[in-house]
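Chain and residue survey
Chain by chain, the residues run as shown.
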Amino acid sequence: MIENRPGLNALAHLVLILGVVVVALPVWVAFVASTHGPTDFMSGTVPMWPGPHLVENYAKMLDTGLSTSGTPPVGWMMFNSLVMALSIALGKIAISILSAFAIVYFRFPLRGLAFWCIFVTLMLPVEVRIVPTFQVVAGLGLLNSYAGLSIPLIASATATFLFRQVFLTMPDELVEAARIDGAGPMKFFRDILLPLSRTNMAALFVILFIYGWNQYLWPLLVTTSSDYYTIVAGIKRLADVVDGLPQWHLVMATAVLAMLPPVAVVIFMQKLFVKGLVETEK
Amino acid sequence: MASITLDNLGKVYPGGTRAVGDVNMQIADGEFIVLVGPSGCGKSTLLRMVAGLESITEGEVRIGDRVVNTVEPADRDIAMVFQNYALYPHMSVRQNLAYGLKNRGTSKAEITRRVDEAAEILQIGQFLDRKPRALSGGQRQRVAMGRAIVREPAAFLFDEPLSNLDAKLRVAMRLEIKELQRRLRTTSLYVTHDQLEAMTLADRLVVLNGGQVEQIGTPLEVYRNPASTFVAGFIGSPAMNLIPSRAVPHLPGSAHAGIIGIRPEDLAVDPDGPIEMQVRAVEELGAQRLVHGHTNGADLTITLGSHADLHDTLRLSAQPEALHRFDEKTGKRLA
Ligand SMILES: Nc1ncnc2c1ncn2[C@@H]1O[C@H](COP(=O)(O)OP(=O)(O)OP(=O)(O)O)[C@@H](O)[C@H]1O
Ligand SMILES: [Mg+2]
């Protein structure tokens, strides 16, 4: 649909600008807050323009953190989050692309059952099975470990479904041509399926990285040692102060820092990401 | 290079559909065989059984002297060209051609030699580093053939390779395939539903109907002596007139046959002719005209030169040797 009427154009822009303002305002407020000193919030008015303490606040959080809250430096928490988000994203992609490959291209006994088992887990997100999952993870001695943080979140069906859909759109002739060309199943997978699903993997990576990065409830549960705190869960701990006022300027600096990696991932992978979502030509 | 033997070959699909039955055929080394028939008659199934892409439920396929019923497609020493080309979209043309050879462990130097040679034959040298997406349909078709050629297989299998091309290109490619096969002398099995393509390409035609072989023969044999009304109606354009003999009682031999077949081009206007035709419609084709009409209730089509006079009724005659006689019940040709 391509309309070219000035009135509509103006309206479209108005709506877009409004949307941007609504989304961007809280981010702006958080940023502004992170550049002021500790007392500026007690005065009752929220400043709208950046203050002079930007470098100081950020340096403090990255370097030493807020020791009174029991959290490690923000840099360390970000590293933990990075490990968790990457493990979840890569682990999920690896497992689901393999299981989708098995389901789409192989005839084996109980294939239907396997498919439905995977399907059912779709209805059981982490929050629903959190107590038994915690039990299992604790029983395996995985509390306070990167494995405990990421493995339970790797098991899920959404990505398997996505790849199944992708594989189903591959023409049968491609499989047959590869068979005649002497490519065995794994060779076909490596030489043809993987390269052809590249953009889908990229799109999925972006989505899953953000999903992993933003995990809150699960890391809060399985980490008791500050060595394994992740940043999103850490923000909550920073804001929790028993007596006295939260150090909002520092909390906001942390929040802004926590936002950066997902934004970076989206920006750097944008081209592939969009291609993966809209591309149909195989 | 090798001969191919089909021995009582049959296919029943898991659902119970009998797609092919009792096909017996001997394809000589270097022969160009075309499987032709209407949609759904089992051409692709038959071809895919030879390729090894479809399991064989009855009978035997031999390539050379080797029974290949359970041999993997890659080990049958065949190459296949698909209707939608099935090129690997993420590989360059060169990689597409080389992929099968690489999997076989052919040496780098040999691969380069064969790819360059095929590119030379098919004139796709300037596209070697492009992706298939950046090629036209005809160019993709060439690449698909190139992929078959570089393998230097015992047999080429084609499944309607030209049906995605426009009419003009189809004619050009048809010629090229024919020339190529002459030059390489590779046994070929070619599937099409286009009888003209079949006639022009084949050393021998196999006409299939409902999974059964109706007739095997050279294009001229099949054209001149169709074995059944099905073949008569399928091969030749415009199709042969198949007339119940009671509608044309004055033709020689019509007393002994249920159905008389006459090709439209074998009917000539003749004031004393035994057939009277009421003209219903005329199709102008430029060089000639197709005149449709009926005689005694039976439909009739004739071709006339574009200068012939047209009347509402025409009297027609045919040479006795141009008449084909078929049994009314079985549709089989009568001697
Ligand atoms: N996988 C299948 N399972 C069951 N029946 C099938 C299968 N594939 C084909 N058939 C049936 O077998 C018959 C022959 O099919 P086939 O594809 O060989 O026809 P064809 O001659 O190639 O037709 P077309 O010219 O349309 O390609 C058809 O009746 C079809 O419905
Ligand atoms: Mg077919």
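Residues numbered from 1 in each chain as written. Chains lettered and ligands numbered in written order. Predicted model: local features only at pLDDT ≥ 70, side-chain atom pairs only at ≥ 80, totals over all residues. Heavy atoms only, no water.

**Quick word on the UniProt feature "domain: ABC transporter" (unreviewed entry) in chain B**
When the UniProt feature table is mapped onto this chain numbering, "domain: ABC transporter" (unreviewed entry) sits at residues 4-235 of chain B. Summarising residues 4-235 of chain B: 37% helix, 25% strand, and an end-to-end C-alpha distance of 25 Å. (UniProt positions renumbered as here; feature names shortened; annotations may be inferred. Helix = DSSP H or I, 4+ residues; strand = E, 2+ residues; numbered from the N terminus.)

**Some words on the packing of helix 3 (residues 74-105) of chain A against helix 9 (residues 185-196) of chain A**
Residue and element names in this part refer to chain A. At a minimum axis distance of 12 Å, the contact between helix 3 and helix 9 shows a crossing angle of 115°. By the angle class used here, helix 3 and helix 9 are roughly perpendicular. The two elements helix 3 and helix 9 cross, and the hand of that crossing is right-handed. Residues Ile97, Leu98, Phe101 and Tyr105 of helix 3 lie in contact with helix 9, whose contacting residues are Pro185, Met186, Phe188, Phe189, Leu193 and Leu194. Taken together, the residues of the contact of helix 3 with helix 9 sort by class into 10 nonpolar, no polar and no charged. (Axes fitted to C-alpha atoms, helices over the stretch in contact; angles between N-to-C directions. Parallel < 35°, antiparallel > 145°, perpendicular 65-115°, else oblique. Left-handed = near helix turned anticlockwise from the far one by under 90°. Contact = heavy atoms within 4.5 Å. Nonpolar A, V, L, I, M, F, W, Y, C, P; charged D, E, K, R; others polar.)

**Examining the site of ligand 1**
Residue and element names in this part refer to chain B. Close to ligand 1 lie Tyr13, Thr17, Ala19, Ser39, Gly40, Cys41, Gly42, Lys43, Ser44, Thr45 and Glu160. The side chain of tyrosine 13 places a nitrogen or oxygen atom 3.2 Å from a nitrogen atom of ligand 1. By residue class, the composition of the shell around ligand 1 is 3 nonpolar, 6 polar and 2 charged. (Near = heavy atom within 4 Å. Polar contact = N/O pair within 3.5 Å; in protein donor to acceptor, adjacent residues only side chain to side chain.)

**Observations regarding a positive patch on the surface**
Where like charges cluster on the molecular surface, the positive patch consists of Arg198, Lys271 and Lys275 of chain A together with Lys131 of chain B. In this structure, arginine 198 of chain A sits in helix 10 (residues 198-213). Given a relative accessible area of 47%, arginine 198 of chain A falls into the partly exposed group. (Patch = residues over 30% accessible without salt bridge, like charges linked within 9 Å, V, L, I, M, F, W, Y side chains within 5 Å. Areas by Shrake-Rupley, 256 points an atom, 1.4 Å probe, with all protein chains shown as cover. Salt bridge = Lys/Arg side-chain N within 4 Å of Asp/Glu carboxyl O. Lys, Arg positive; Asp, Glu negative; His and termini not counted. Charge placed at Lys NZ, Arg CZ, Asp CG, Glu CD. Buried < 20%, exposed > 50% of the residue type's maximum accessible area, 1.4 Å probe, protein only.)

**A closer look at the environment of leucine 180 of chain B**
Residue and element names in this part refer to chain B. With respect to the secondary-structure elements, leucine 180 resides in helix 5 (residues 167-184). Its relative accessible area of 10% is what places leucine 180 among the buried residues. Other than its neighbours up to four places away in sequence, leucine 180 contacts Ile121, Leu122, Met145 and Ile149.

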